[in-house]
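# Overview (structure and organization)
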Amino acid sequence: MRRLLVLGGTEFVGRAVAEDALARGWEVTVFHRGRHAPPPGVAALRGDRTAGGGLTALEEAAAAGGWDIVVDTWSGAPSAVRDTAALLAPRVGHYAYVSSRSVYSFPAPAGLDETGPLVDAPPDAPPDGDADAGYARAKRGGELAVEAAFGDRGLLVRAGLILGPWENIGRLPWWLLRVARGGEVLAPGPRDLALQYVDARDLAAWTLDAAERGLGGAYNLVSPPGHTTMGELLESCVRVTGSGAVLRWTDPEPILAAGVRPWTDLPVWAPPGELHDAVHRGDVSRAVAAGLRCRPVGETVADTWAWLRGLGGEPPRRPDRPAVGLAPGKEAEVLRAVSD
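Quick caveat, the model's predicted, so the values are computed rather than measured.

In a pair of packed helices, the angle between the axes and the distance between the axes together describe the arrangement. Put simply, helix H5 (residues 171–180) and helix H7 (residues 230–241) touch, their axes get as near as 9 Å, and they point 55 degrees apart. In terms of orientation, H5 lies oblique with respect to H7. Seen along the crossing, H5 lies across H7 with a hand that is right-handed. Here Leu172, Trp175, Leu176, Val179 and Ala180 of H5 lie close against H7, whose contacting residues are Met230, Leu233, Leu234, Cys237, Val238, Val240 and Thr241. Looking at the contact of H5 with H7 residue by residue, the classes come out as eleven nonpolar, one polar and no charged.

Take the environment of Thr50 next. With respect to the helices, strands and loops of the structure, Thr50 is situated in the loop between strand E3 (43–46) and helix H2 (56–63). Residue class for Thr50 comes out exposed when judged on its relative accessible area of 56%. The sequence separation of Thr50 and Ser79 amounts to 29 residues, and the corresponding C-alpha distance is 8.6 Å. In terms of polar contacts, Thr50 uses its side chain to reach the side chain of Asp48, at 2.7 Å.

For the rest of this paragraph, the subject is unusual backbone geometry. For the bond running from Phe106 to Pro107, omega is 0 degrees, close enough to zero to count as cis. Cis rather than trans, the peptide bond between Gly189 and Pro190 has omega equal to 0 degrees. Along the polypeptide, Pro190 turns up in the loop between strand E8 (184–188) and strand E9 (194–195). In this structure, Trp166 takes a positive phi of about 75 degrees despite not being glycine. Take Trp166: it is sitting in the loop between strand E7 (162–163) and H5. Classification of Trp166 by relative accessible area gives partly exposed; the value is 32%. Its identity as a non-glycine residue notwithstanding, Trp263 has a phi of 75 degrees, on the positive side. Inspection of the secondary structure puts Trp263 in strand E14 (residues 262–263).

Taking 1.5 Å as the rise per residue, helix H12 (residues 328–339) with twelve residues should run 16 Å; its terminal C-alpha atoms sit 16 Å apart, in good agreement. All of the buried residues in H12 are Glu331, Val334 and Leu335. Buried residues of H12, viewed axially, fall in a sector of 100 degrees; they line one side. For H12, exposure combined with an orientation more than 90 degrees from the buried face picks out Arg336 and Ala337. Its buried side turned inward, H12 meets H5, E8 and strand E13 (246–250).

Every regular strand shows the same layout, with side chains that alternate between the two sheet faces. Most of strand E5 (residues 92–100) sits out of view: eight of its nine residues are buried. Bridge analysis of strand E4 (residues 67–72) against E5 gives five bridges, and the strand direction is parallel. Along E5, the bridge assignment pairs Val70 with Tyr95. With helix H3 (residues 79–88) bridging E4 and its parallel neighbour E5, the resulting β-α-β unit is right-handed.

For the structure shown, the criterion picks out four aromatic pairs. Judged by centre distance (4.9 Å) and plane angle (50 degrees), the rings of Tyr95 and Phe150 are tilted. In this pair, Tyr95 sits in strand E5 while Phe150 sits in helix H4 (residues 131–150), placing the two residues 55 residues apart along the sequence. The exposure class of Tyr95 is buried, given its relative accessible area of 0%. A residue is classified by how much of its surface remains accessible, and Phe150, at 3% relative accessible area, is buried. Cation over ring: Arg15 sits above Trp166, and NZ or CZ is 4.0 Å from the ring centre. For the cation-ring pair, Arg24 lies above Trp26, with the distance from its terminal atom to the ring centre recorded as 5.4 Å.

Conventions adopted
- Residues numbered from 1 in each chain as written.
- Predicted model: local features only at pLDDT ≥ 70, side-chain atom pairs only at ≥ 80, totals over all residues.
- Heavy atoms only, no water.
- Axes fitted to C-alpha atoms, helices over the stretch in contact; angles between N-to-C directions.
- Helix = DSSP H or I, 4+ residues; strand = E, 2+ residues; numbered from the N terminus.
- Parallel < 35°, antiparallel > 145°, perpendicular 65-115°, else oblique.
- Left-handed = near helix turned anticlockwise from the far one by under 90°.
- Contact = heavy atoms within 4.5 Å.
- Nonpolar A, V, L, I, M, F, W, Y, C, P; charged D, E, K, R; others polar.
- Buried < 20%, exposed > 50% of the residue type's maximum accessible area, 1.4 Å probe, protein only.
- Polar contact = N/O pair within 3.5 Å; in protein donor to acceptor, adjacent residues only side chain to side chain.
- Expected span 1.5 Å × (residues − 1).
- Arc of directions from axis to C-beta.
- Pairing = 2+ DSSP bridges.
- Right-handed = clockwise from strand over helix to strand, strands pointing away.
- Phe/Tyr/Trp six-rings, centres within 6.5 Å; stacked < 30°, edge-to-face > 60°.
- Lys NZ or Arg CZ within 6 Å of the ring centre and 35° of its normal.

Quick look at the structure:
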């Protein structure tokens, strides 16, 4: 039986990792701050990686036995990854760090693989004031910390857009809840615009498989280009919600002219061009060759809707990330403009 430590393990990706490992019959421990309930069936350790003495419980548990694999999803100051990786290096066989394709220097050209140029970020540097740049530097700093402590026993999972149940950023939940309200929905085109994303559960399965096999180094982890389209995503939202919403497909030009921001006001969407190349046209052939399999978009959408309906309230949202989604008044304004 494999022994897994998940640093986090109570939300979105970390939770998906813990649940996948439990389904394999693994022994799972989560180390978290106690803000959210861990999945049933795990052993839980409490601590705050940003506080003095915050690793005490982890250090005591590691000294008592250690783990085969650790999965870390940290996205804050990379010094937390540095300290944890240094502590665990003598007691853990393999360290998988869920990083991001944001570590590539922007703009990342279409077809960029793992050899692309990276942002500059030492492993002890705090994120800077620019939210996007700070996230990229934090993730790259985390990568460097893992490499320094674990060498080729470190797996760097450079995820792209992540969707699925337990999402706490709000991208797919926003689209589902908007479509569920019905009426005319501003659907950003082109309808056949290719998208890349990875379901958190597919990311979890690949990461555990790869770590168990001892894979090391960097892997871009997102679906192959064209796995789905904007049309398939939004039409799946209409189908699963049963709302009867009407998708009003609209060219990018009038949307952008109205001051609507891609990716944030209209989550997931990036119009053809520099941003789309960076987020939806990456090379993932290395991960595919190493076993990456991605479920159909309809399954991701349906399962996320089922999870949302079972919440009985608003979906969770990380306090350190800005809200996403277009205000109803702004959507109505754009729809009126394109109807004239």
